[in-house]
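# Structure assessment
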Amino acid sequence: MIGISAAFEWHWSAAAEVLPTLLTQFVKVTLLVTVLGTVIASILGLVIAMAIRVLPRPLSEAVKWIANVIRMTPIIIQLLFASYAFLSLDLITIGVIVYGIHYATYMSEVYRAGIDSVPKGQWEATTALSMSTLRTWTAIIIPQALRATIPALGNYAISMFKDTPYLLVIGVVDMVNAARIYGGDTYRYTEAFTLVGIIFLLASYPTSLLIGRLEKRLAYKT
Amino acid sequence: MDEKFAAIGEAMPRLLDGLVVTIELTIFGAIAAFILAVILGLAAASPAKGFRIPARVVIEFFRGTSLVVQVFWLFFVLPLLGIDLHPMLVGVMALGLNYGAYSAEVVRGSIQAVPTGQWEATTALSLGPIQRMRRIIFPQAWALMIPSLSSLLVHLMKGTAIVGFITLADLTYQLEQVKRTAGTLFTYGVVGILSYFVFALVLMYFMNALEHQAKHKLGQGKSLWRILSPAPPASTPAGGAS
């Protein structure tokens, strides 16, 4: 037998001690950033998708490239940049904004695909009925485009949820950082990190099953 | 502005050292993830429950617990068990397990997306299960899975930026060392963003090339060699006045 160090053994007392802190930070930071970030991302994502479609050529290209740069670079660098660029904002607000913008660039791709999936005849019909641009988008295109996008948006919300621990790079005490701090103080990493993993799994797996079912229900029967 | 560039130029050796660590983590992490993805993906696509159910459990477990949690678990908890891994190995393992689980879903989906006629044809030709997968099904699934694997590869590359917390001096870590002399906003906003973006573009182009090659092998599209070679000189009409 290999000598397993005493610190590895599971202590229920340590688990019970750290759990309330983890759950508090889960609600106060992890969930808060995920929910507000998703709201920003789903609105801004649609704005980006429409801007790329509506704006004249050089401008729409510029928007597309900026979105690509944000999407293809680590959110960690973006968090660090924003935390120094906006020193007056508190760190949670910076987190919400950065997660919102980062995931908006992903969601804009989902919206773009949704908009592209609206048949050409629908666009032609709005022209034939001489609808205004605003009415074309709000009454015809967006409702049809949105239907197919909802499950994909949900999946990105789950991704964002699992990316929230990156907040520790700007010193936010989220659930994972709370576990790290507790482990550093007591040397009981086993309980803290195992519990954090279980909480993530318990929160994300049922949600992804629900989204999978929603996806099947929303799919057009062909 | 000039002094900022000078500071970056002075710090170039350490930034390059950091970039090498980031590149190593990305490449080794991607290789580990791919191997795991093929094993788990084949098992998850198998009709046998004995393969499928364990594969599903592993996939959902590593997808459901966050990458950062896995990195920290391997780095802080394993030593308590008496297993001391090099931080580089911890990083590669965590990236491999997490993105391997995500990619396994892509592999499974692509294998199942190969048309049934292809499967039936292998039965008609009485190919064995290994030959069927290796010669017929996998090459077609491979061409289907590359676009999704390509975006997961960029995700993996972005995920490497966390390893500063497990004592690895990657690009993000080195940028932090440079920021005092070169200015924080310039260091992160220009140098950091541009380096990672260019690396991501290189990865995307590489994956695009792989996709062209995979499709060419299936008889769709030109070979990479043909795409990259210069266009043949246009034949000049004979006797043209000069």
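Further up the page is the structure itself.
Residues numbered from 1 in each chain as written. Chains lettered and ligands numbered in written order. Predicted model: local features only at pLDDT ≥ 70, side-chain atom pairs only at ≥ 80, totals over all residues. Heavy atoms only, no water.

### A look at unusual backbone geometry
With a phi close to 65°, Tyr-187 of chain A is a non-glycine residue in the positive phi region. With respect to the helices and strands, Tyr-187 of chain A occurs in the loop between α7 (175-186) and α8 (189-218). Phi angles above zero are rare outside glycine, and Ser-126 of chain B is one such case at about 45°. You can call Ser-126 of chain B exposed: its relative accessible area is 64%. (Helix = DSSP H or I, 4+ residues; strand = E, 2+ residues; numbered from the N terminus. Buried < 20%, exposed > 50% of the residue type's maximum accessible area, 1.4 Å probe, protein only.)

### So, the environment of Phe-138 of chain B
All names here are of chain B. Following the sequence through the fold, Phe-138 ends up in helix α7 (residues 129-159). Linking Phe-138 and Leu-127, residues 11 residues apart in sequence, is a C-alpha distance of 14 Å. Sequence-distant contacts of Phe-138, defined by excluding residues within four places in its chain, comprise Val-38, Met-133 and Met-145. (Contact = heavy atoms within 4.5 Å.)

### So, helix α6 (residues 133-163) of chain A
Along its 31 residues, α6 of chain A runs just 37 Å from first to last C-alpha, ending more than 12% under the 45 Å computed at 1.5 Å per residue. Of all the bends found along α6 of chain A, the most pronounced is centred on Thr-149 of chain A and spans about 50°, while Pro-151 of chain A, a proline, follows it within four residues. (Expected span 1.5 Å × (residues − 1). Bend = angle between axes of the 7 residues up to and from the residue.)

### Quick notes on the pattern of salt bridges
Side chains that differ in sign of charge can pair as their charged atoms come close. On inspection of all chains with the given rule, the structure shows 13 salt bridges over all chains. The closest approach of N and O atoms between Glu-191 of chain A and Arg-188 of chain A, which form a salt bridge, is 3.1 Å. Across the pair, exposure class does not vary: Glu-191 of chain A and Arg-188 of chain A are buried alike. For Arg-56 of chain B, the salt bridge identified is with Glu-105 of chain B, shortest N-O distance 2.9 Å. Residue Arg-56 of chain B is located in helix α3 (residues 49-64), and its partner Glu-105 of chain B is located in helix α5 (residues 87-113); the two are separated by 49 residues in the primary sequence. Look at Arg-56 of chain B and you get partly exposed, because its relative accessible area is 25%. One network of salt bridges, in which partners are shared, links Arg-53, Arg-71, Glu-109, Arg-112 and Asp-116 of chain A. (Salt bridge = Lys/Arg side-chain N within 4 Å of Asp/Glu carboxyl O.)

### Observations regarding helix α1 (residues 12-54) of chain A
Relative to the 63 Å expected for 43 residues at 1.5 Å per residue, α1 of chain A spans 58 Å between its end C-alpha atoms, a close match to the ideal helical length. Phe-26 of chain A marks where α1 of chain A bends most, by close to 40°.

### Some thoughts on the packing of α3 of chain B against α5 of chain B
All names here are of chain B. Closest axis-to-axis distance for the α3/α5 pair is 8 Å, and the angle between their directions is 130°. One way to sum up the angle between α3 and α5 is to call them oblique. Crossing hand, α3 versus α5: left-handed. Contact residues: Arg-56, Ile-59, Phe-62 and Arg-63 in α3; Leu-97, Asn-98, Ala-101, Tyr-102, Ala-104, Glu-105 and Arg-108 in α5. A breakdown of the residues in the contact of α3 with α5 according to their chemical character gives 6 nonpolar, 1 polar and 4 charged. (Axes fitted to C-alpha atoms, helices over the stretch in contact; angles between N-to-C directions. Parallel < 35°, antiparallel > 145°, perpendicular 65-115°, else oblique. Left-handed = near helix turned anticlockwise from the far one by under 90°. Nonpolar A, V, L, I, M, F, W, Y, C, P; charged D, E, K, R; others polar.)

### Considerations on the nonpolar core
Ranked by size, the top nonpolar core spans 121 residues in total, and within it Leu-22, Leu-79, Tyr-99 and Tyr-166 of chain A together with Phe-72 of chain B carry the most contacts. In terms of residue count, the dominant contributor to this core is α7 of chain B (13 residues). In this structure, Leu-22 of chain A is in contact with Met-175, Ala-178, Ala-179, Ala-192, Leu-195, Val-196 and Ile-199 of chain A, ignoring residues within four places of it in sequence. Judged by nonpolar contacts, the second largest core, of 8 residues, contains Leu-40, Ala-44, Ile-59 and Ala-101 of chain B. (Core = buried A, V, L, I, M, F, W, Y, C linked by side-chain atoms within 4.5 Å.)

### What about the interface of chain B and chain A?
Counting residues at the interface gives 38 residues for chain B and 38 residues for chain A. Between chain B and chain A, roughly 3,600 Å² of surface is buried when both sides are summed, and carbon and sulfur atoms account for 79% of that area. One can count 0 salt bridges joining chain B with chain A. Those elements giving two or more residues to the side of chain B that touches chain A turn out to be α3, α4 (67-77), α7, α8 (171-182) and α9 (184-217) of chain B. (Buried area = accessible area lost by both parts, 1.4 Å probe.)

### Quick word on the environment of His-11 of chain A
All names here are of chain A. Within the fold, His-11 resides in the segment before α1. Note on His-11: relative accessible area 31%, which makes it partly exposed. The spatial distance from the C-alpha of His-11 to the C-alpha of Arg-188 is 8.6 Å, given a sequence separation of 177 residues.

### Things to note about the packing of aromatic side chains
One pair of aromatic rings is described through two measures. These are the centre distance and the angle between the planes. Under the definition given, this model contains 20 aromatic pairs over all chains. Taken together, the ring pairs in this structure connect Tyr-187, Tyr-189 and Phe-193 of chain A together with Phe-72, Phe-75 and Phe-76 of chain B into an aromatic cluster. (Phe/Tyr/Trp six-rings, centres within 6.5 Å; stacked < 30°, edge-to-face > 60°.)

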